[in-house]
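Residue-level listing of the chains:
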Amino acid sequence: MNTLRVLYFARLRERFGMAEETLEFSGATAADLVATLHARGGAWAEELGGSRTFRVAVNQDVVALDTPLPERAEVALFPPVTGG
Amino acid sequence: MKILVQGDAFDLGAEVDAMRHGRTDIGAIASFVGLARDMNEGSGVAAMTLEHYPGMTENALGKVVDDACARWPLLDVTVIHRVGRLLPGDPIVLVAVASSHRGEAFAACEFIMDYLKTRAPFWKREETPEGARWVEARASDEDAAARWLAD
């Protein structure tokens, strides 16, 4: 089991009703984590089901979904950025 | 190089003065200041709140500045981005670039803004008469950043 710190920002933070959580994760990649979260249903399924765009960062770098998650990684899920 | 994420307002004149203080090798300083507008997507905007990802934000801005320094011979760069609640007319972001000649300064300033808008983890939430809403990312911002890949 890999203990992950998972952070949510902006619209995802609001829709999921939390800013962060600690997760015991048995999968391998960022896509596996997204599938785990999607399976919670409700807002999780709506936001992560493919109709809405989101980004995944691992240890503060945006990555592709097939990226393996290192031990004790900090993973963040958020909408496309809108600063500036 | 100076990269700051802060709630407080900034002073463009003071930042430019700090950049050129005590040196005579700078021939050009180009700067950009982004402001909070009172209108977006056809709705009045009474205020906006900027959220960010502490830690990643500073790293992402650092990488954007590093990319700019790898492309052009820059003498100094300042990037300041505000977070928290802002009102129409308030300054949001400042980019200032110093170089020997104007061409590099103009180009790098635009490059840094284009990359900041698509890579730095900030999100805007607007207060409108119809309620609060998260600003959606624009394809035109991705297009603006992609232009630099062809160069």
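So, a few notes on the structure that sits alongside this text. A quick note: this is a predicted structure, and the numbers were derived from the prediction, not measured.

### Comments concerning the packing of aromatic side chains
Phase 1 of the analysis: Enumeration according to the criterion identifies 12 aromatic pairs over all chains in this entry.
Phase 2 of the analysis: Judged by centre distance (5.4 Å) and plane angle (80°), the rings of Y8 of chain A and W44 of chain A are edge-to-face. Taken together, the residues span a long stretch of sequence, with Y8 of chain A in strand 1 (residues 2–8) and W44 of chain A in helix 3 (residues 42–48) at a distance of 36 residues. The same class applies to Y8 of chain A and to W44 of chain A, which are both buried.
Phase 3 of the analysis: Note on W72 of chain B and F111 of chain B: the rings are 5.3 Å apart at their centroids and 75° apart in plane angle, and the pair reads as edge-to-face. In this pair, W72 of chain B sits in the loop between helix 2 (56–71) and strand 6 (74–82) while F111 of chain B sits in helix 3 (residues 102–119), placing the two residues 39 residues apart along the sequence.
Phase 4 of the analysis: Exposure remark for F111 of chain B: the relative accessible area of 0% places this residue in the buried category.
Phase 5 of the analysis: Put simply, the rings of F9 and F78 of chain A together with Y53 and W123 of chain B pair up and form one aromatic cluster.
Phase 6 of the analysis: Taking NZ or CZ as reference, R40 of chain A lies 4.4 Å from the ring centre of W44 of chain A, over its face.

### Some details on the pattern of salt bridges
Phase 1 of the analysis: Inspection of the entire model under this criterion finds 19 salt bridges over all chains.
Phase 2 of the analysis: R11 of chain A is the salt-bridge partner of E47 of chain A, the closest N and O atoms lying 2.8 Å from each other. Taken together, the positions of E47 of chain A in helix 3 and R11 of chain A in helix 1 (residues 10–16) put the pair 36 residues apart, joining distant regions of the chain.
Phase 3 of the analysis: Given the relative accessible area of 0%, E47 of chain A is considered buried.
Phase 4 of the analysis: In this structure, a network of salt bridges that share partners links the residues R11, R15, E46, E47 and R52 of chain A together with E136 of chain B.

### Details of the environment of I112 of chain B
All names here are of chain B.
Phase 1 of the analysis: By the element assignment, I112 lies in helix 3.
Phase 2 of the analysis: Judged by its relative accessible area of 1%, I112 is buried.
Phase 3 of the analysis: Sequence separation between I112 and A9 is 103 residues; the distance between their C-alpha atoms is 20 Å.
Phase 4 of the analysis: Beyond its immediate chain neighbours, meaning those up to four positions away, I112 contacts V64, A68, V77, V79, V95 and V97.

### Let's talk about the interface of chain A and chain B
Phase 1 of the analysis: Counting residues at the interface gives 21 residues for chain A, matched by 28 residues for chain B.
Phase 2 of the analysis: In this structure, the connection of chain A to chain B is made through four salt bridges.
Phase 3 of the analysis: Among the salt bridges present, the one from E51 of chain B reaches R13 of chain A, with a minimum N-O distance of 2.5 Å.
Phase 4 of the analysis: Every element with two or more residues in the side of chain A that touches chain B is listed here: helix 1, strand 3 (55–58), strand 4 (61–63) and strand 5 (74–78) of chain A.
Phase 5 of the analysis: Looking at the side of chain A that touches chain B, the element that brings in the most residues is helix 1 of chain A, giving four residues.

Parameters and conventions
- One numbering rule holds for all chains: residues counted from 1, following each sequence as written.
- Whichever chain is written first is A, and whichever ligand is written first is 1; the rest continue in order.
- In keeping with the predicted nature of the model, local features appear solely for residues at pLDDT of at least 70, side-chain atom pairs appear and are counted solely at 80 or more, and the whole-chain, interface and lining totals rest on all residues.
- For the side-chain quantities, the full set of heavy atoms in the structure was used; hydrogens and water were omitted.
- Stacked, tilted and edge-to-face are the three classes applied to pairs of Phe, Tyr and Trp rings, where Trp contributes its six-membered ring and a pair requires centres within 6.5 Å; stacked means planes under 30 degrees apart, edge-to-face means over 60, and tilted covers the rest.
- Put simply, DSSP marks the helices as runs of H or I at least four residues long and the strands as runs of E at least two long, and each gets a number from the N terminus on.
- Using a 1.4 Å probe on the protein chains alone, a residue whose accessible area is under 20% of its type maximum counts as buried, one over 50% counts as exposed, and one in between counts as partly exposed.
- Comment: the charge-over-ring label is applied if NZ (Lys) or CZ (Arg) is within 6 Å of the ring centre and within 35 degrees of the ring normal.
- Definition used for salt bridges: Asp or Glu carboxyl oxygen within 4 Å of a side-chain nitrogen of Lys or Arg.
- Only heavy atoms enter the contact rule, under which two residues are in contact if any of them lie within 4.5 Å.

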